[in-house]
Amino acid sequence: MDDTVNAIDIRLSASTSLVKRLEATDITAAIDLSDWNLGEKTYSISNVNIRVPFGVSITKITPNKVRLRFEPTQEKTVDIRPRVIGKVADGYRVDSINCQPSATRIEGPGGRLSAIRFVSTDGIDVSGRAESYKMRVHLFVEDPLVRLSGDQQTSVEVVIVPVPVGKG
């Protein structure tokens with residue numbers, strides 16, 4: 001899809017009493033995609049594509065065209081990277097962080113998948129911790145056109161150990 005267009009501005013005209021009762025859900029827009037093919041295609045947006053209540057007229061649509069790119073859905077396996085936030089208790093350090101599973105499957109347009117090397121976990125807060133622990137966390141894909149096709153969560157084991165005291 002065209003990354004530059006994520007909303008369409010529709011200017012309407014109606015009586016004051018009708019405008020006061022108007023809800024966003026009263027207006028719908030649709031594009032007929034029945035003629036789609038792989039590749040890019042530009043679609044015009046006009047009054048024909050927009051449904052408004054009786055007594056409301058459309059005065060302007062911006063933009064009046066959208067360009068969509070159709071690509072086959074592909075899949076890929078990527079590593080899971082834990083996202084650690086905070087600082088452990090004084091005198092301790094994080095020795096290791098292990099995710100199980102350590103990888104997951106993602107799917108989406110091939111052109112978008114090639115740029116993704118890993119997915120992140122939700123933040124794992126180690127603030128003030130002085131001992132190891134396990135938890136389940138959700139996974140997150142940065143690209144909105146790519147989705148998780150595998151596990152939506154991973155189990156994370158955070159191993160926290162004392163900092164060795166130096167001999168001296």
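The present account deals with the structure reproduced in this document. (Residues numbered from 1 in each chain as written. Predicted model: local features only at pLDDT ≥ 70, side-chain atom pairs only at ≥ 80, totals over all residues. Heavy atoms only, no water.)

### Digging into the pairing of strand S7 (residues 73–85)
- Summarising the sheet, S7 and strand S9 (residues 103–109) pair through seven bridges and their orientation is antiparallel. Residue pairing for S9: Thr77 is matched across the bridge by Arg105.
- Of the strand pairs in this sheet, S7 and strand S10 (residues 118–125) are connected by six bridges, and their pairing is parallel. Residue pairing across strands places Ile85 opposite Asp125, the latter belonging to S10. (Pairing = 2+ DSSP bridges. Helix = DSSP H or I, 4+ residues; strand = E, 2+ residues; numbered from the N terminus.)

### Remarks on the sheet that holds strand S13 (residues 153–162)
- The seven strands are arranged S8-S13-S11-S10-S7-S9-S12 in an open sheet whose pairing can be described as mixed. In the strand order of this sheet, the two ends are held by strand S8 (92–100) and strand S12 (147–148), each with one partner.
- In this sheet, S13 lies alongside strand S11 (residues 133–140) in antiparallel orientation, the contact comprising six bridges. If you follow Val137 over to S13, its bridge partner there is Thr154.

### Points about the pattern of salt bridges
- Applying the stated rule across the entire model yields 10 salt bridges.
- In this structure, Asp9 engages Arg11 in a salt bridge whose closest nitrogen and oxygen atoms are separated by 2.9 Å.
- Accessibility expressed as a relative area gives 46% for Arg11, which makes it partly exposed.
- The shortest N-O distance in the salt bridge between Arg147 and Glu107 comes to 3.0 Å. Highlighted residues: Arg147 in strand S12 and Glu107 in strand S9, separated in sequence by 40 residues.
- Classification of Arg147 by relative accessible area gives partly exposed; the value is 39%. (Salt bridge = Lys/Arg side-chain N within 4 Å of Asp/Glu carboxyl O. Buried < 20%, exposed > 50% of the residue type's maximum accessible area, 1.4 Å probe, protein only.)

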